[in-house]
Amino acid sequence: MLSHTLVLEVGIAVLLVAIVGLLANKLRFSVIPFFIIIGMVVGEHAPQIGYIDFTFTESKPFIDFMGRLGVLFLLFYLGLEFSVGRLMRSGKSIVTGGIVYVFLNFISGVLIGWLMDIPFKEMMVLCGVMTSSSTAIVAKVLTDLKRTANPETEIIMGMIMFDDLFIAMHISFLSGLILTGGTSFWSVLGTSLLALGFILTFLILGRKLIPAIDRLLQDKSPELFILIIFSLLFIIAGFSETIHVAEAIGALMAGLVFADSRYIKKIEGVIAPYRDFFGAMFFFSFGLSIDMYTLGGAVGWATLAAAITVIGNVASGYFAARFSGRKPKASFDIGFTLSARGEFSIIMANIGKAGGLLPILQSFVVVYVLILSVVSPLLTKESRTLWAVLFGKDVAPLKQKKTLEQLEGSAGNIDT
């Protein structure tokens, strides 16, 4: 039975998210850590004042469902931004820098997991958390700093695309390992291969169905247009979950297919407000699920992991810049930008929570994401300054002034 204060509680939650969002914009920070922090501040230990319940006890299941929708819209929009065709065209930048990026970050996760002495399942979640860059934060930082047209941005986006594809497969692997209760190597392998088969089959068949979908969307009223898009998105995501492929992956695949539609701009315009609203509620709901008094044991490990992530990403940025023929100083721009962590790390932490893994994973992810979602944009903003401080400014070669004799000789040559 729904509480008579449900609408009021949801309204208060949205108001709190809006207030901290305004504060983040005022301070020119990423909004993601602010959404998580306000969720942690209220919730379980917050007071109840009359009808105003800051614990959100009655409304939490509904807020959690809003956060679940946020994951679908975030991943669907991400797929719209990339498209299968763009993935094919960006092959070189994806493969070269992307492999180094994923390898270094995944190994960092293994190292931290080994140092923490956690079981294999927890270690695999940790590896995914430390490998997944935040596409939302990266895109916002590049836009805010007006670097979208810079040469290194193409490298960054190529590495992001490779990372997202890897994370899609890793989420499917984690689903088989943790959520389906698979205990043997073969059962986990079977679930992972099923996920891979679903992704490949969907991409192949989905592209062939785009002309039919375009005809379905043609000349439709706004309400019918959005109903068709939403119904296909939810059905695809829901179906993927029934075959033990994370619903987030189904949403990503749907976005990749719709990206080749001739109505792509209209679809993006329709989805963007829902992505922003439900995405904000996703981070807020994640904060609500965290008891801030349990974070102490994870602070040291998360801080060490954040430092290793930044160093590893700068190293991967150096190799990516070298493979692409860019100057070494581009490694700071690439590495600092890609160090941001956010939505994907939280998605994998939620998989671990759903599978009943050690609670320290949730605490670790909170601190880790908070550190890097704040530090990464700051480092990116000052990347050129930091390079100049450490390695000196690039000095342009001075043109040697011609002597009087050389000038006279040049004039004589022209006359002849």
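Residues numbered from 1 in each chain as written. Predicted model: local features only at pLDDT ≥ 70, side-chain atom pairs only at ≥ 80, totals over all residues. Heavy atoms only, no water.

**Re unusual backbone geometry**
Among all residues save glycine, negative phi is the norm, and among peptide bonds the norm is trans. Definition in use: A run of H or I in DSSP becomes a helix once it reaches four residues, and a run of E becomes a strand once it reaches two; helices and strands are each numbered from the N terminus. Remark: exposure states derive from per-residue accessible area (1.4 Å probe, protein chains only) relative to the maximum for the residue type, with buried under 20%, exposed over 50%, and partly exposed in between.
Unlike most non-glycine residues, D117 shows phi in positive territory, near 60°. Tracing the backbone through its elements, the reader meets D117 in the loop between α5 (91-116) and α6 (120-131). For D117, a relative accessible area of 69% puts it in the exposed group.

**Side note on the pattern of salt bridges**
Note the following rule: One speaks of a salt bridge when a side-chain nitrogen belonging to Lys or Arg is within 4 Å of a carboxyl oxygen belonging to Asp or Glu.
Throughout the structure, instances matching the rule amount to 4 salt bridges. Here R384 and D333 are joined by a salt bridge, their closest N and O atoms 2.9 Å apart. Taken together, the positions of R384 in helix α17 (residues 383-391) and D333 in helix α14 (residues 330-338) put the pair 51 residues apart, joining distant regions of the chain. On the basis of relative accessible area, R384 is assigned to the partly exposed category, the value being 41%.

**Structural notes on the confidence of the model for the chain**
We count it as follows: Values of pLDDT, the confidence the predictor places in each residue, fall between 0 and 100.
When pLDDT is averaged along the chain, the result is 82; 86% of the residues meet or exceed 70. Ranking the elements of the chain by mean pLDDT puts helix α18 (residues 404-415) last with 55 and α6 first with 92.

**Description of the environment of E268**
Here E268 is to be found in helix α12 (residues 264-288). With a relative accessible area of 12%, E268 lands in the buried category. Residues E268 and F76, 192 residues apart in the sequence, show an inter-C-alpha distance of 9.7 Å.

**Considerations on the packing of helix α13 (residues 296-323) against α14**
What counts here: Lines fitted to C-alpha atoms define the axes, with helix axes restricted to the stretch in contact, and inter-axis angles between N-to-C directions lie between 0 and 180 degrees. To sort the angles, those under 35 degrees are grouped as roughly parallel, those over 145 as roughly antiparallel, those from 65 to 115 as roughly perpendicular, and the leftovers as oblique. Rotating anticlockwise by less than a right angle from the far helix to the near helix defines a left-handed crossing, while the corresponding clockwise rotation defines a right-handed one. By definition in these notes, contact holds between two residues if any of their heavy atoms fall within 4.5 Å.
Contact geometry for α13 and α14: axes closest at 7 Å, N-to-C directions at 135°. Taken together, the axes of α13 and α14 are oblique relative to one another. As for the relative orientation of α13 and α14, their crossing is right-handed in sense. For the pair formed by α13 and α14, the contact residues are V310, N313, V314, G317, Y318 and A321 on the first element and A330, S331, F332, I334, G335, F336 and L338 on the second.

**Quick word on the nonpolar core**
Counted only if it meets this: Take the buried Ala, Val, Leu, Ile, Met, Phe, Trp, Tyr and Cys residues and link them wherever side-chain atoms come within 4.5 Å; each set so joined is a nonpolar core.
L75, F76, I267, F284 and F364 are the most contacted members of the largest nonpolar core, which totals 119 residues. By residue number, the principal contributor to this core is α12, which donates 13 residues. Sequence-distant contacts of L75, that is, excluding residues within four places in its chain, are made with A248, A251, L252, F344 and I347. Judged by nonpolar contacts, the second largest core, of 14 residues, contains V138, I156, M157 and I160.

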